[in-house]
Amino acid sequence: MSEVKISAETRTEFGKGAARRIRRDSKVPGVLYGHGSDPLHLTLPGHDLLLALRTPNVLISLDIDGKTSELAIPKAVQRDAVKGFLEHVDLQLVKRGEKVTVEIPVHAEGELAAGGNLLEHVLNALPVEAEATHIPEGVTVSVEGLEAGASVLAKDITLPKGTTLAVDGETVVLQVLAAQAEEAPEGEAAEGEEVAEA
């Protein structure tokens, strides 16, 4: 996993008005916390942060006020519900070699058995524990030939080296549902038959 370098500034202004002013300057307010230290309130460049967040569980190397450098991963991202711009980000402080619990995307590949079956993603993301600097970008699961009623459990998924499950192995991640045939209501069919007999 690659590191993304972002320059951040500490901020001393708080509240909605301050947050609006920060966003007006194309920046994003954020908080860095972890390892028992006091939360550090930051201002981050909006465009750089948006690009970084395109990668799930991205490892961010923060250059804070040009003085200190910290590693962090995003824990909570708030976006504007209508326009989609970043409103706030919570970052968790991590150290090299440290294990962290994150959720990684689950991708399915392959064709289900014939018959119009449907694949349901019970979990879109799988909770795992991995080293902070080696978080996998996701896992791919083959659903080739699976029939209705089949399911893929967390323990059935092959994880990258150094990554372990952070959820019960019996947890259903994907399941195959039988296609529902659409039937005409009984009353309508009966009326149609009567008309045909007349």
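Residues numbered from 1 in each chain as written. Predicted model: local features only at pLDDT ≥ 70, side-chain atom pairs only at ≥ 80, totals over all residues. Heavy atoms only, no water.

Okay, the pairing of strand β9 (residues 125-131) next. The two faces of a sheet get side chains in turn, since along a regular strand they alternate between them. Judged from the seven bridges that link them, strand β7 (residues 99-109) and β9 form a sheet pairing that is antiparallel. The residue bridging Val-100 from the neighbouring strand is Ala-130, located in β9. As defined by bridge partners, β9 adjoins strand β12 (residues 164-165) across two bridges and the pair is classed as antiparallel. Directly across from Glu-129, in β12, lies its bridge partner Thr-164. (Pairing = 2+ DSSP bridges. Helix = DSSP H or I, 4+ residues; strand = E, 2+ residues; numbered from the N terminus.)

If you trace the backbone, Thr-163 turns up in the loop between β11 (151-153) and β12. Each residue touching Thr-163, except ones within four places of it in the same chain, is listed here: Val-128, Glu-129, Ala-130 and Pro-136. (Contact = heavy atoms within 4.5 Å.)

Strand order in the open sheet formed by four strands is β10-β7-β9-β12, and the pairing between neighbours is mixed. On the outer flanks of this sheet lie β10 (139-142) and β12, each paired with one strand and no other.

In this fold, Ala-114 is placed in the loop between β7 and β8 (118-121). Residues Ala-114 and Leu-146, spaced 32 residues apart in sequence, show a C-alpha to C-alpha distance of 9.1 Å.

With that settled, the discussion passes to the pairing of strand β1 (residues 3-10). Bridge count between β1 and strand β4 (residues 59-64): six bridges; the pairing is parallel. Looking at the pairing, Glu-3 lines up with Leu-59 of β4. Two elements, β1 and strand β3 (residues 37-45), share two bridges in a ladder whose sense is antiparallel. Residue pairing in the sheet places Thr-10 in a bridge with Leu-42 of β3.

This part covers helix α1 (residues 16-24). Those residues of α1 lying buried are Ala-18, Ala-19 and Ile-22. Buried positions in α1, seen along its axis, are confined to an arc of 100° and lie on one side of it. Residues of α1 that are exposed and angled more than 90 degrees away from the buried face: Lys-16 and Arg-24. Packed against the buried residues of α1 are β2 (27-34) and β3. Ser-26, located one to two residues past α1, shows a positive phi value of around 60°. (Buried < 20%, exposed > 50% of the residue type's maximum accessible area, 1.4 Å probe, protein only. Arc of directions from axis to C-beta.)

The tally for this structure, following the rule as stated, stands at two salt bridges. When the shortest N-O distance is used, the salt bridge between Lys-27 and Glu-9 registers 3.6 Å. You can see Lys-27 sitting in strand β2 and its partner Glu-9 sitting in strand β1, a full 18 residues away along the chain. In this structure Glu-9 comes out as partly exposed when scored by relative accessible area, which is 39%. Between Lys-155 and Glu-170 there is a salt bridge, and its shortest N-O distance comes to 2.6 Å. In this pair, Lys-155 is assigned in the loop between β11 and β12 and Glu-170 in the loop between β12 and β13 (172-177), connecting sequence segments 15 residues apart. Taking relative accessible area as the criterion, Glu-170 reaches 45% and is therefore assigned partly exposed. (Salt bridge = Lys/Arg side-chain N within 4 Å of Asp/Glu carboxyl O.)

In the Ramachandran plot, Ser-26 falls in the positive-phi region, its phi being about 60° despite a non-glycine side chain. Locating Ser-26 in the fold gives a position in the loop between α1 and β2. Judged by relative accessible area, Ser-26 falls into the exposed class, the value being 55%. Its identity is not glycine, yet Asp-65 carries a phi of approximately 55°, on the positive side. We classify Asp-65 as partly exposed; its relative accessible area is 35%.

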